[in-house]
Amino acid sequence: MSASPLTLYGLNICPFAQRAVITLLEKGVAFEQVLIDLDNKPASFQAISPLGNVPVLGVRQADGSEAAIFESLVIAEYLDETQPGPQLLPADPLLRAQHRAWLAYASSVVSGMVGIERAADEAAILASSEKLASRFARIEQELGEGPYFAGARFGMVDVVYAPIFRYFEVFESFRDLGIFNGLPKVKAWRQALAQRPSVRNAVTAAFHDELVQYLHKCQSHLVTAAH
Ligand SMILES: N[C@@H](CCC(=O)N[C@@H](CS)C(=O)NCC(=O)O)C(=O)O
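Residues numbered from 1 in each chain as written. Predicted model: local features only at pLDDT ≥ 70, side-chain atom pairs only at ≥ 80, totals over all residues. Heavy atoms only, no water.

A. Representation of unusual backbone geometry within the structure. Going from Val 54 to Pro 55, the amide bond is cis rather than trans, its omega being 0°. As for its position among the elements, Pro 55 is in the loop between helix 2 (43-48) and strand 3 (56-60). With omega at 5°, the peptide bond leading from Gly 146 into Pro 147 counts as cis. Backbone geometry at Glu 71 places phi at a positive 80°, although glycine is not the residue there. One non-glycine residue, Gln 219, adopts positive backbone phi at about 55°. Relative to the elements of secondary structure, Gln 219 occurs in the loop between helix 9 (207-217) and helix 10 (221-224). (Helix = DSSP H or I, 4+ residues; strand = E, 2+ residues; numbered from the N terminus.)

B. Up close: helix 6 (residues 156-174). Ala 162 marks where helix 6 bends most, by close to 25°; the proline Pro 163 follows one to four residues later. The buried count for helix 6 comes to 15 of 19 residues, which makes it a mostly enclosed element. (Bend = angle between axes of the 7 residues up to and from the residue. Buried < 20%, exposed > 50% of the residue type's maximum accessible area, 1.4 Å probe, protein only.)

C. Representation of the layout of surface pockets within the structure. Volume-wise, the largest pocket comes out at about 890 Å³. Around the largest pocket sit 34 residues that line it, and Leu 11, Cys 14, Leu 38, Val 54 and Tyr 214 are the ones nearest its centre. Those elements giving two or more residues to the lining of the largest pocket turn out to be helix 1 (15-27), helix 3 (72-82), helix 4 (93-117) and helix 9. The greatest single-element share of the lining of the largest pocket, amounting to 7 residues, is contributed by helix 4. Considering only residue class, the lining of the largest pocket consists of 19 nonpolar, 6 polar and 9 charged. Summarising the domain contributions, the lining of the largest pocket has at least three residues from each of domain 1 (6-82) and domain 2 (93-224). (1 Å grid on protein atoms, 1.4 Å probe; cavity = no way out; pocket = protein on both sides within 12 Å on 5 of 7 lines; lining within 4 Å. Points joined across faces, edges and corners; volume = space filled by probe spheres on them. Nonpolar A, V, L, I, M, F, W, Y, C, P; charged D, E, K, R; others polar. Domains from an automatic or database assignment.)

D. Quick look at the packing of helix 6 against helix 9. Packing of helix 6 against helix 9 brings their axes to within 10 Å, and their N-to-C directions diverge by 65°. For the element pair helix 6 / helix 9, the angle class is roughly perpendicular. Note on packing geometry: the crossing formed by helix 6 with helix 9 is right-handed. Residues Arg 166, Tyr 167, Val 170, Phe 171, Ser 173 and Phe 174 of helix 6 pack against Phe 207, His 208, Leu 211, Val 212 and Leu 215 of helix 9. Each residue belonging to the contact of helix 6 with helix 9 can be placed in one class, and the counts come to 8 nonpolar, 2 polar and 1 charged. (Axes fitted to C-alpha atoms, helices over the stretch in contact; angles between N-to-C directions. Parallel < 35°, antiparallel > 145°, perpendicular 65-115°, else oblique. Left-handed = near helix turned anticlockwise from the far one by under 90°. Contact = heavy atoms within 4.5 Å.)

E. Spatial organisation of the environment of Arg 196. Structurally, Arg 196 can be placed in the loop between helix 7 (184-195) and helix 8 (197-200). On a C-alpha basis, the gap between Arg 196 and Glu 26 in space is 9.7 Å, while along the polypeptide they are 170 residues apart. Residues in contact with Arg 196, not counting those within four places in the same chain, are Glu 26, Tyr 148 and Phe 154.

F. Structural view of the pairing of strand 4 (residues 66-70). Here strand 3 runs beside strand 4; their pairing, made up of 5 bridges, is antiparallel. The residue of strand 4 that forms the bridge with Gly 58 is Ala 68. Between strand 3 and strand 4, which pair antiparallel and follow one another directly, the connecting turn spans 5 residues, one of which, Gly 64, has a positive phi of 95°. (Pairing = 2+ DSSP bridges.)

Read these as layout, nothing more, since geometry by itself doesn't imply function.
Pasting the structure below:
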């Protein structure tokens, strides 16, 4: 049995799982990570993941049993509420609601990324790139002096967008999709997040190769066009 009461069932390349890992690292709490092979999910994992998705957080109880929480944002908020370390969502209810709205907005950004992952042809790449460019253009209007979403303090919105930006590092190793053109604040935010230790340490060195492998598996036009 692990010494820590927290176990994260995750996957290196999963941007949702990275939300949980970054939160745990920001909080500075010990946890065990169990990497799940999504092509071969253990029965014990299926039993605690209703949709068969990573991440799942296991929380060991006083009687030795493990309570499970699924859905990355629910996990991140639970950790924010229960663990010591810096508070990642604002205490003020209005600000907190506004930050949660930007967390929800990230779903639309992720769906644009999935569009690139699954793009069957050039037209699909262009359509997803345009959608992403417009989503980030709206974020550009929200950003202030930085370096983080809400200023000097790293918070939950940063947790959620950092893994998104990491995906673009891999996309851009094939070609520049032009998504961040003319968006200096988004570019600076992206750079600040890439340097944050919790963000850097949320994945292993295999991340780039594993994501490229996954793009091949999806037969993304981004990789097939490059050969
Ligand atoms: N809404 C979920 C999405 C999680 C999700 O889609 N995870 C993917 C991996 S990135 C997954 O586990 N997919 C299951 C599968 O491919 O079988 C969350 O935020 O936790």
